[in-house]
Amino acid sequence: MGAGIQQPPVQQGDSAMNALLDLLRVLYEPEAVFQRVRARPRFLIPFLGLAVVQVVIGIINLPFLKAALQAQMAQRAAGGPDPSQFAFIGLFVVPIIIGVALVISAFILWVLVSLVGGEGKFATLLSVATYASVPTVILLAIVGTVVLRIQGPQGLTSPADMQPALGLDLLIPATGFLGAVLKAINPFSIWGLVLTAIGVSTTHQLPKRSGYTVATISFVIGLLIAGAFGALGAGR
């Protein structure tokens, strides 16, 4: 009887660990991961995993962020507060931004799945968005950290330069709206698009064509949002 009472916590612990391990497994066996998501949507545990990785990477990159903020401040009129003194606040802000972005992404997917004839399940699509974000939230951040270490803080003029040119911005240097859009089109974001397509089609039992249609439209909407923020940043 006592052993039966102790069994559920063990199973819950295993489930939490599997949810974390699926952040890695989704990179090489996405269909199996999304089959598990279809049976049981999971958001909190994988999101916390993403957040922890982002905080660790943020701590590693904190000296570069301070250098970028100081360079940006030097280009503006003197007399204002030094923003580099508050750079550590970004360690807590970034996970919140990621969480909001995932919720928005899941809402967009929910609308699009409904439009292509599926029965959109928001909790499931929130899980899909979370696991599909691994290439951009984790891998891109790790590669960017390595590139920053190689290049050094020279050439950093603003926090936007913290992400090195790894996409179409390598071929077509630009700023503002176009620059943000080109920067967002990179191998890691395309990988995320493919994972989203697999996740949508697997969890909602849709044809692969419908999955890729939903993922591609969602990707384009994301590019437009990124471009809008890029235009706002350039206008300041």
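Everything in this summary refers to the structure shown in the same document. (Residues numbered from 1 in each chain as written. Predicted model: local features only at pLDDT ≥ 70, side-chain atom pairs only at ≥ 80, totals over all residues. Heavy atoms only, no water.)

Points about the side chain of T124
At step 1: Inspection of the secondary structure assignment puts T124 in helix 5 (residues 122-132).
At step 2: Judged by relative accessible area, T124 falls into the buried class, the value being 6%.
At step 3: The residues contacting T124, other than those within four sequence positions of it, are V37, P41, T203 and H204. (Helix = DSSP H or I, 4+ residues; strand = E, 2+ residues; numbered from the N terminus. Buried < 20%, exposed > 50% of the residue type's maximum accessible area, 1.4 Å probe, protein only. Contact = heavy atoms within 4.5 Å.)

So, the nonpolar core
At step 1: Ranked by size, the top nonpolar core spans 29 residues in total, and within it V26, F34, L50, L102, Y131 and V200 carry the most contacts.
At step 2: Contributions of two or more residues to this core are made by helix 1 (2-25), helix 2 (30-39), helix 3 (44-74), helix 4 (90-115), helix 5, helix 6 (134-151) and helix 8 (187-203).
At step 3: Counting residues per element, this core draws most heavily on helix 4, at seven residues.
At step 4: Among all residues touching V200, those that are not within four sequence positions of it are L109, V113, L125, V128, Q205, L206, G211 and V214.
At step 5: Of all hydrophobic cores here, the second largest spans six residues; its members include V181, L193, A197 and F219. (Core = buried A, V, L, I, M, F, W, Y, C linked by side-chain atoms within 4.5 Å.)

Section: the packing of aromatic side chains
At step 1: Throughout the structure, instances matching the rule amount to two aromatic pairs.
At step 2: Note on F43 and F47: the rings are 5.4 Å apart at their centroids and 15° apart in plane angle, and the pair reads as stacked.
At step 3: Residue classification places F43 among the partly exposed positions, given a relative accessible area of 24%.
At step 4: With relative accessibility at 15%, the residue F47 sits in the buried group. (Phe/Tyr/Trp six-rings, centres within 6.5 Å; stacked < 30°, edge-to-face > 60°.)

Here's the deal with helix 8
At step 1: The end-to-end C-alpha distance of helix 8, which contains 17 residues, comes to 24 Å, matching closely the 24 Å that a straight helix rising 1.5 Å per residue would cover.
At step 2: Summarising burial for helix 8: 13 of the 17 residues are buried, a large majority.
At step 3: Between the side-chain oxygen of the N-cap and the backbone nitrogen of F188 there are 3.0 Å, and the N-cap of helix 8 in question is N186.
At step 4: Looking at the residues trailing helix 8, positive phi occurs at Q205, about 50°. (Expected span 1.5 Å × (residues − 1). Polar contact = N/O pair within 3.5 Å; in protein donor to acceptor, adjacent residues only side chain to side chain.)

Quick notes on the pattern of salt bridges
At step 1: Under the definition given, this model contains five salt bridges.
At step 2: For R36, the salt bridge is made with D22, and the minimal N-O distance between the two is 2.8 Å. On the criterion of sequence distance, the pair formed by R36 in helix 2 and D22 in helix 1 is long-range, its members being 14 residues apart.
At step 3: The class of R36 is partly exposed, set by a relative accessible area of 30%.
At step 4: Salt bridges here are not isolated pairs; linked through shared partners, they connect D22, R25, E29, R36 and R42. (Salt bridge = Lys/Arg side-chain N within 4 Å of Asp/Glu carboxyl O.)

Distances and angles like these do not, on their own, reveal function.
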